[in-house]
Amino acid sequence: MEKQDLIVIGGGPGGYVAAIQAAKLGLKTAVVEEDQFGGVCVNWGCIPTKALLRNAEIYQLILRGKEWGFRIPECDVDWPAVIKRSRRIARRMATGVEFLLKQNNVSMIQGRGRLAGTREIEVTKPDGSTESIAADGIILATGAHARKLPGVDFDGERIITSKEALALEEVPKRLLIVGAGAIGVEFAQIYGDFGSEITIVEMLPELLPVEDEEISLELRRLFKKRGWKIHTGTQVTSLVRREDEVVYRMEKEGVAGEFTADMALVAIGVEGNVKDLGLEAVGIHTAKGFIKTGSFMETGVPGIYAIGDVAGPPWLAHVASHEGITAVLHFAGKDPEPADSKFVPACTYCHPPVASVGLTERQAAEQGIKTRIGRFPFRANGRSIAQGESEGFIKLIFSEADEKLIGAHILGPEAPELLAELGLAATAGTTRHELLGTIHAHPTLSEVIHEAAGEAFGEAIHI
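Note that the structure is predicted; figures quoted are calculated from it, not measured.

Draft legend 1. A look at the overall build of the protein. Tallying secondary structure elements over the protein gives 14 helices and 24 strands in all. The C-alpha atoms of the protein give a radius of gyration of 23 Å, which matches the 23 Å a tight globule of 463 residues would have. Across its three principal axes, the protein shows a C-alpha extent of roughly 65 × 60 × 50 Å. The buried share among the 463 residues of the protein stands at 50%.

In structure tokens, the structure reads:
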């Protein structure tokens, strides 16, 4: 292939977005993908999990039909059809990514890319042949893979990662989930809704450890109410397959015990795909298994950037896309804003879902920021009551000094959709006056935002 202006290694949500952005700027661009365009997010992550979660939600609504006046004597689950729908949606989205790349005249190269120099990559094709391609700029967007428990190997059948969990042949009766981050919690929701006996083990003190403590504690209460077993501050010290089940050992504060489950999903985080990328040869440095980058995703080697999961946390598709655009604009000399992670939205699609942006209460205190905090429960919101989804609450954190919004945390119906307004407000430096001065339509879930802003300063009406 003739020389390119920019080559992107990795066709996930960071890589393909970066490639399209580059093409729109008139740069001759190629993207190299070893597996499927769209990456883990589209094919084995964000999209197919949300399809399964929607199936689980509908199934639970049917089981609750009596609340809405429906007599539904029986509801059988066609599990293979559930999985098939999820895979069909993932394929449709991946095809859409390929269409967008073609539409923007981005060259798509199937194969594994690695650095062969500071201005050249080598691609190993599926048939084993190799090709060298020169470029003025290179973006590394190779993503990450599931981290293993020490001494434990994935067998893909009884001890699995999230990828295998997306295409199980049947719903396991007893499912152990190791790790209570977003991935673990979402799969607990999926399989718990379809009837699995759920056990969640988390080494840190609470579920969703990165979330505000109040949100985590309330989610824990709701999960335990469903009969799920929650063990926080607990380590899984051994996990082995024994015929048609797994045997695991848990330890908390020196007290240990041995238990069994039909299947174990390990979701304790990810490691960057940095192996055999040729990083050392060109002088690119890593830290804790991820590529070190600057404010514009530069690696320290001029013309080479790293974005998305391979560049470290937060491991979120929308962060990867944002970083990809930032890197391309910087490479093209467009003087972009730094890839600021101060107000990154985060969502967990359990039931009810969790969404947050900005500082937690604890983080604000650790930074010495005096705050005013407003809370409002969904059980006091007319729309949430009408639609039968009134669990949870919203929590807004304002700086006492200037009354600006510095953190927002939601556990409740449509939390991820409600978060956009709060992300914009925090990014724009909005104060409680602008939030209170914004008329929120009635009846809507968004009224909880208005009420929580008021409650922080003693001005709430409906509580």
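Draft legend 2. Up close: the sheet that holds strand 23 (residues 393–399). On the basis of which strands lie adjacent, the open sheet formed by five strands has the order 20-21-24-23-22 and antiparallel pairing. The sheet terminates laterally at strand 20 (346–348) and strand 22 (371–377), the two strands that pair on one side only. In this sheet, adjacent strand axes meet at a mean angle of 10 degrees when their direction is disregarded. Relative to the sheet, helix 7 (residues 213–225) contacts strand 21 (354–358), strand 22, strand 23 and strand 24 (405–411), its axis offset from that of strand 24 by approximately 0 degrees.

Draft legend 3. Structural view of the pairing of strand 6 (residues 130–140). Bridge analysis of strand 1 (residues 4–9) against strand 6 gives five bridges, and the strand direction is parallel. Paired with Gln4 across the bridge in strand 6 is Ala135. Two strands pair when backbone bridges link them, and strand 5 (residues 120–124) and strand 6 are joined in this way by five bridges, in the antiparallel orientation. Residue Val123 lies in a different strand from strand 6, and its bridge partner there is Glu131. Note that strand 6 and strand 19 (residues 304–306) share three bridges and pair parallel. Each residue of the ladder has a partner; that of Ile138, found in strand 19, is Ile304.

Draft legend 4. Fine view of the layout of surface pockets. Considering only enclosed or pocket space, the second largest pocket measures out at about 630 Å³ in volume. If you go around the second largest pocket, you meet 25 residues; those closest to its centre are Arg54, Glu57, Tyr349, Pro353 and Glu414. Breaking the lining of the second largest pocket down by element, the ones donating at least two residues are helix 3 (46–63), helix 4 (79–103), helix 6 (182–193) and helix 12 (415–427). Class assignment of the residues belonging to the lining of the second largest pocket gives a composition of eleven nonpolar, five polar and nine charged.

Draft legend 5. Representation of the packing of aromatic side chains. For the coordinates displayed, the defined rule picks out nine aromatic pairs. With a centroid separation of 6.5 Å and 15 degrees between ring planes, the pair formed by Phe187 and Tyr191 is classed as stacked. With a gap of four residues between them, Phe187 and Tyr191 both fall in helix 6, about one helical turn apart. Given a relative accessible area of 1%, Phe187 falls into the buried group. Relative to Trp315, the ring of Phe290 lies with its centre 5.6 Å away and its plane at 35 degrees, an arrangement referred to as tilted. Placement of the pair is Phe290 in strand 18 (residues 290–291) and Trp315 in the loop between strand 19 and helix 9 (317–331), with a sequence separation of 25 residues. Among the residues examined, Phe290 registers a relative accessible area of 9% and is labelled buried.

The rules we used
Residues numbered from 1 in each chain as written. Predicted model: local features only at pLDDT ≥ 70, side-chain atom pairs only at ≥ 80, totals over all residues. Heavy atoms only, no water. Helix = DSSP H or I, 4+ residues; strand = E, 2+ residues; numbered from the N terminus. Rg over C-alpha atoms; globule rule 2.2 N^0.38 Å. Buried < 20%, exposed > 50% of the residue type's maximum accessible area, 1.4 Å probe, protein only. Pairing = 2+ DSSP bridges. Axes fitted to C-alpha atoms, helices over the stretch in contact; angles between N-to-C directions. Contact = heavy atoms within 4.5 Å. 1 Å grid on protein atoms, 1.4 Å probe; cavity = no way out; pocket = protein on both sides within 12 Å on 5 of 7 lines; lining within 4 Å. Points joined across faces, edges and corners; volume = space filled by probe spheres on them. Nonpolar A, V, L, I, M, F, W, Y, C, P; charged D, E, K, R; others polar. Phe/Tyr/Trp six-rings, centres within 6.5 Å; stacked < 30°, edge-to-face > 60°.

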